[in-house]
Amino acid sequence: MSENTSNTNTNNNATSNTSNSSNTNSTTSIATAAAVSSCNGVGPSTAMMNGHIGTHFTSKNNFENYSGSKDTYLSIPQFYAGRSVFITGGTGFMGKVLVEKLLRSCPDIKNIYLLIRPKRGHEVSQRLNELLEAPLFEKLRREKPKDLSKVIPISGDITSEELGISESDQALLCRNVSIVFHSAATVKFDEKLKLSVTINMLGTKRLVELCHRMMSLDALIHVSTAYCNCDRTEVSEVIYAPPYNPDDIISLVNWLPEDTLDKLTPSLIGDRPNTYTFTKALAEHMLLKEAGNLPVAIVRPSIVTASLNEPFAGWIDNLNGPTGLLSAMAKGIFRTIVCEENCIADVVPVDIVINLMITAAWRTASHKTDNLLIYNCCTGQRHPITWGKFVNYAVDHVRKHPLEGCAWYPGGSLRNSPTINAVNAFVVHYIPAYILDVMARLVGKKPIFVKIQNKIAKAVECLNYFATHEWQFKDDNVCALLQTLSPKDRDNFVFDVTTINWEKYMERYVLGFREFLFKQKPQSLPGSRKKMMRLYYIDLLTKVFMVICTWRFLMSRSKRLNAVWSSFLQNILKFVRLLPFL
């Protein structure tokens, strides 16, 4: 990587000072070392300390603020005009929003090639038609139906050699594509290591090999995750050295039997909570090694949730992450979780992430540099919300905009103690589930509630780590990138997280999964609200009944408690008799 030679001496001094400090403090992170060595105006700087290698880029040297000159500034829609884009993971949650946004906001884009895997006997053309017929593309179908023909399916599979793409399609991509978005990944936290390595690591390596053959590639945007470095509490926009050589892990996965590999997985992933964060960290380091002179940038979103504004406020199409738990809470079948309510809930709306990805590609292509820039796309640094507020807003709005068919009045409790939470979960989750399953059997229906609770428990177990820990994700590059945009591009491609009104967002989120996941129309809300009021009174009466039963049980088992209660009632009666004389 190149360096700004006018500042070489200063940079050497800074690096020397940093190295000295590393001798006295063995826990100093590479992010700190890189930041020190680049603070005097050096472009990229690479530091090595305690076995960690990272690359840090300062905003002031890689970005220039928008000057307002129309002659030199190329807008984002102008940049994409006439270009062809290749997207992996285009049929996934983020991929769909990316395709829709490019078609709607960059109307002169040439073609969008989507890598699509034939699935369950459905050809790629059929899967593409199903994708474009989704509610997400309703506005485009209504206003610009011809633009949908720009989306071209490429048959392939991220788990196959050469991505499973035919030679003719590879040649087509190599001739025409200038921008690549790589968002294909397995996001299952409990995925087996072999498949996670195959998709997240080998898939990335194979894509990079294809990119090296593209004749006019101007930008490769790799979608990672902010949590790939969750083994440290402060995460800068750098690539940290992984615990193992990525090639060694790939060889290990290919060599060992899967059952042996499953036994080794906990020791391999170490302090990381799952195979997802582990393989995404290795993929970043592998990308740094394999990319060579390719123009690459990495976007690291935190927990991606429903859209803020585009294409519809609250749009969501899956039950992953918090959405599944919020939906279960809205149904009244999920009420307690282990969570630190004062920890930051680093959730980010999907359209914020997509706008940043599109802008990062524009910046990478239009400002050539040897720097591999990383963008931590998060909310916790600039506009945080705690888990306590997140859950409280959600509870308020699922009661205000209830789902049809609620099993019970929605509520949610955050517990610090896993033991107390387990006891509470048995009482409020499993006992009602067993009762409902018994009732279902009596009327000849299939018992499903215990199975549902088991699924919820498994999902909660995967999320516990993220609900009980907190990180500081530095986002200086994101903020600096924002400053380079014209006012018009800043409005059209919003990724300024300070614009989020969390309470309004949570209301849109609830309305979104009500409409887009559960397919419930706004017209059904009045009837659902009437039922919610009935559930409220049933819940209140049940709590009063339980308190009375518990009290009577205790009274019958304790003479001393009975005597205290009698004395208390007598004192109350004496006070009431004295009231007329006071």
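Residues numbered from 1 in each chain as written. Predicted model: local features only at pLDDT ≥ 70, side-chain atom pairs only at ≥ 80, totals over all residues. Heavy atoms only, no water.

Under the annotation held in an unreviewed UniProt entry, the protein carries the name Fatty acyl-CoA reductase and is attributed to Musca domestica. Recorded in UniProt under Sequence similarities (unreviewed entry), the annotation for the protein is "Belongs to the fatty acyl-CoA reductase family." Recorded in UniProt under Function (unreviewed entry), the annotation for the protein is "Catalyzes the reduction of fatty acyl-CoA to fatty alcohols." (UniProt positions renumbered as here; feature names shortened; annotations may be inferred.)

Caption draft 1: How the structure looks around the pattern of salt bridges. If you walk through the whole model with that rule in mind, you get 18 salt bridges. Linking Lys-400 and Glu-507 is a salt bridge whose minimum nitrogen-to-oxygen distance equals 3.2 Å. Linking Lys-400 in helix α15 (residues 387-400) with Glu-507 in helix α20 (residues 502-517), this pair joins segments that are 107 residues apart in sequence. For Lys-543, the salt bridge goes to Asp-539, with nearest N and O atoms at 3.2 Å. In this pair, Lys-543 and Asp-539 both sit in helix α21 (residues 525-557), 4 residues apart, roughly one turn of the helix. (Salt bridge = Lys/Arg side-chain N within 4 Å of Asp/Glu carboxyl O. Helix = DSSP H or I, 4+ residues; strand = E, 2+ residues; numbered from the N terminus.)

Caption draft 2: Up close: helix α12 (residues 275-290). Taking 1.5 Å per residue, 16 residues should reach 22 Å; α12 reaches 22 Å between its end C-alpha atoms and fits that length. Among the 16 residues of α12, 12 are classified as buried, and the element is accordingly described as predominantly covered. Residues Thr-275, Tyr-276, Thr-277, Phe-278, Thr-279, Lys-280, Ala-281, Leu-282, Ala-283, Glu-284, Met-286 and Leu-287 constitute the buried set of α12. Taken together, the buried residues of α12 touch α9 (193-211), β7 (219-223), α10 (246-255), α11 (258-269), β9 (296-301) and α17 (449-467). Its side-chain oxygen 3.3 Å from the backbone nitrogen of Tyr-276, Asn-274 forms the N-cap of α12. Once α12 finishes, Gly-292 follows within two positions and takes phi at roughly 60 degrees, a positive value. (Expected span 1.5 Å × (residues − 1). Buried < 20%, exposed > 50% of the residue type's maximum accessible area, 1.4 Å probe, protein only. Contact = heavy atoms within 4.5 Å. Polar contact = N/O pair within 3.5 Å; in protein donor to acceptor, adjacent residues only side chain to side chain.)

Caption draft 3: Representation of a positive patch on the surface within the structure. Together, Arg-441, Lys-446, Lys-451 and Lys-455 make up a positively charged patch on the protein surface. With respect to the secondary-structure elements, Lys-455 resides in helix α17. (Patch = residues over 30% accessible without salt bridge, like charges linked within 9 Å, V, L, I, M, F, W, Y side chains within 5 Å. Areas by Shrake-Rupley, 256 points an atom, 1.4 Å probe, with all protein chains shown as cover. Lys, Arg positive; Asp, Glu negative; His and termini not counted. Charge placed at Lys NZ, Arg CZ, Asp CG, Glu CD.)

Caption draft 4: Representation of the packing of aromatic side chains within the structure. For the structure on display, the rule yields 19 aromatic pairs. The interplanar angle of 80 degrees and the centroid separation of 4.9 Å between the aromatic rings of Phe-79 and Tyr-80 together place this pair among those described as edge-to-face. Relative accessible area serves as the criterion here: at 4%, Phe-79 is assigned to the buried category. Arranged with centres 5.8 Å apart and planes meeting at 80 degrees, the rings of Trp-502 and Tyr-505 form a pair that is edge-to-face. A residue pair is termed a helical-turn pair when its members lie 3 or 4 positions apart in one helix, as Trp-502 and Tyr-505 do in helix α20 at 3 residues. These aromatic residues form a ring-pair network of at least three members: Tyr-227, Tyr-465, Phe-466, Trp-471 and Phe-473. Directly above the aromatic system of Phe-493 lies the positively charged group of Lys-101, at a separation of 4.7 Å from the ring centroid. (Phe/Tyr/Trp six-rings, centres within 6.5 Å; stacked < 30°, edge-to-face > 60°. Lys NZ or Arg CZ within 6 Å of the ring centre and 35° of its normal.)

Caption draft 5: Quick peek at the packing of helix α16 (residues 418-442) against α17. At a minimum axis distance of 8 Å, the contact between α16 and α17 shows a crossing angle of 155 degrees. Between α16 and α17, the angle falls in the class roughly antiparallel. For the pair α16 and α17, the contacting residues are His-429, Tyr-430, Ala-433, Tyr-434, Leu-436 and Asp-437 in the first and Phe-449, Val-450, Gln-453, Asn-454 and Ala-457 in the second. The class makeup of the residues in the contact of α16 with α17 is 7 nonpolar, 3 polar and 1 charged. (Axes fitted to C-alpha atoms, helices over the stretch in contact; angles between N-to-C directions. Parallel < 35°, antiparallel > 145°, perpendicular 65-115°, else oblique. Nonpolar A, V, L, I, M, F, W, Y, C, P; charged D, E, K, R; others polar.)

Caption draft 6: Representation of the nonpolar core in the model. Counting 108 residues, the largest nonpolar core has Tyr-80, Leu-102, Phe-181, Met-357 and Phe-390 as the members making the most contacts within it. At 11 residues, the largest contribution of residues to this core is made by helix α14 (residues 350-366). Not counting residues within four places of it along the chain, the set of residues in contact with Tyr-80 comprises Val-85, Leu-102, Cys-106, Asp-108, Ile-109, Lys-110, Ile-179, Phe-181, Ile-358, Ala-361 and Trp-362. Listed in part, the 28 residues of the second largest apolar core include Ala-184, Val-208, Leu-210 and Ile-239. (Core = buried A, V, L, I, M, F, W, Y, C linked by side-chain atoms within 4.5 Å.)

Caption draft 7: Spotlight on empty space enclosed by the protein. Summed over all chains, the structure comprises 2 cavities of 30 Å³ or more. Approximately 240 Å³ is the volume attributed to the largest cavity. The set of elements that each furnish at least two residues to the lining of the largest cavity consists of α13 (322-330), β11 (336-338), α15, β14 (413-415) and α17. For the lining of the largest cavity, the element with the most residues is α13, which contributes 4 residues. Partitioning the lining of the largest cavity into residue classes produces 15 nonpolar, 3 polar and 1 charged. Taken together, Asn-245, Pro-246, Asp-247, His-285, Met-286, Lys-289 and Glu-290 make up the lining of the second largest cavity. Looking at the lining of the second largest cavity, the elements with two or more residues in it are α10 and α12. Per-element tally for the lining of the second largest cavity: the top contributor is α12, with 4 residues. (1 Å grid on protein atoms, 1.4 Å probe; cavity = no way out; pocket = protein on both sides within 12 Å on 5 of 7 lines; lining within 4 Å. Points joined across faces, edges and corners; volume = space filled by probe spheres on them.)

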